[in-house]
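# Descriptive structure summary
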Amino acid sequence: MKNLQLKVMNRYILFLIISLCIYNTANAQHYVGVKDAYGIMGLSSTPSLRSKSINTTLNPGLVYRYEHKKNFAIQTELNLINKGYKFVDTATITTPRPDSTIHISSFEIPLLAQVFVRWGWFRPYITGGAFAGFITKRQKQIGDGSKKDFDKNGYERTFEYGIIGGAGMAFTVSRFELQAEWRYQYAFSFLQDPHINGQSLYMNPTQMMISL
């Protein structure tokens, strides 16, 4: 008898869970879209390499947002990011020539939480979360403008991860939403092995982006 009651109770609980999931999904809002971003890409290094940031204009992506609560949403993306940095001085023997610019291409997948308020067609918000990425290409541009692929020295790292924070505003037009956002991103991962030939050099890429 007790086993029968336990089975009935388990099925009842399972029914409640499934019902709640269906109800929540039915009341949620799903958004799918595309984006592009203007980026100011740089490098945080210890010891300092006295590098300069570079600007990039082509950073496309696909966006999915799940809006469940009244003032809360979760957003994920698949972005192709073009970033890099420029050297203005040589600090250690591990740096390229002073007149060189490093260009990096990577795929990044952010996972973000959004808190917002909705005033009719206007929706300001703040956002934050983490990202993971994979570097697909590195190029070095020297002073005459020519580019060549990075030498495969065996110490470059391809996997990236870090944190993201930002703010934005969205405008609803019929069934569409136009979203503009400012975002800052810092990678905890290093672009290369921080310990090479007895020297320590920590290189973390940074990004500040304005997207639409």
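The structure reproduced in this document is the subject of the present report.

Quick notes on the rules
Residues numbered from 1 in each chain as written. Predicted model: local features only at pLDDT ≥ 70, side-chain atom pairs only at ≥ 80, totals over all residues. Heavy atoms only, no water. Core = buried A, V, L, I, M, F, W, Y, C linked by side-chain atoms within 4.5 Å. Buried < 20%, exposed > 50% of the residue type's maximum accessible area, 1.4 Å probe, protein only. Helix = DSSP H or I, 4+ residues; strand = E, 2+ residues; numbered from the N terminus. Contact = heavy atoms within 4.5 Å. Salt bridge = Lys/Arg side-chain N within 4 Å of Asp/Glu carboxyl O.

By size, the foremost hydrophobic cluster in this structure holds ten residues: Leu43, Leu49, Tyr85, Phe87, Ile102, Ile104, Ile135, Leu191, Leu201 and Met203. Elements that contribute at least two residues to this core include exactly strand 6 (72-87) and strand 7 (101-116). In this view, Ile135 contacts Ile104, Ser105, Ser106, Arg157, Thr158, Glu160 and Leu191; residues no more than four positions away in its chain are not counted. Within the second largest apolar cluster, five residues are counted, among which are Met41, Ile54, Ile81 and Met209.

Once that is clear, we can look at the pattern of salt bridges. Scanning the entire structure with this criterion turns up nine salt bridges. When the shortest N-O distance is used, the salt bridge between Glu67 and Arg118 registers 2.6 Å. Remark: Arg118 occurs in the loop between strand 7 and strand 8 (122-141) and Glu67 occurs in strand 5 (residues 61-67); sequence separation between them is 51 residues. Accessibility expressed as a relative area gives 6% for Glu67, which makes it buried. In this structure, the salt-bridge partner of Arg123 is Glu177, at a minimum N-O distance of 3.0 Å. Residue Arg123 is found in strand 8, and its partner Glu177 is found in strand 11 (residues 176-187); the two are separated by 54 residues along the sequence. By relative accessible area, which is 0% here, Arg123 ends up buried. A relative accessible area of 21% means that Glu177 is categorised as partly exposed.

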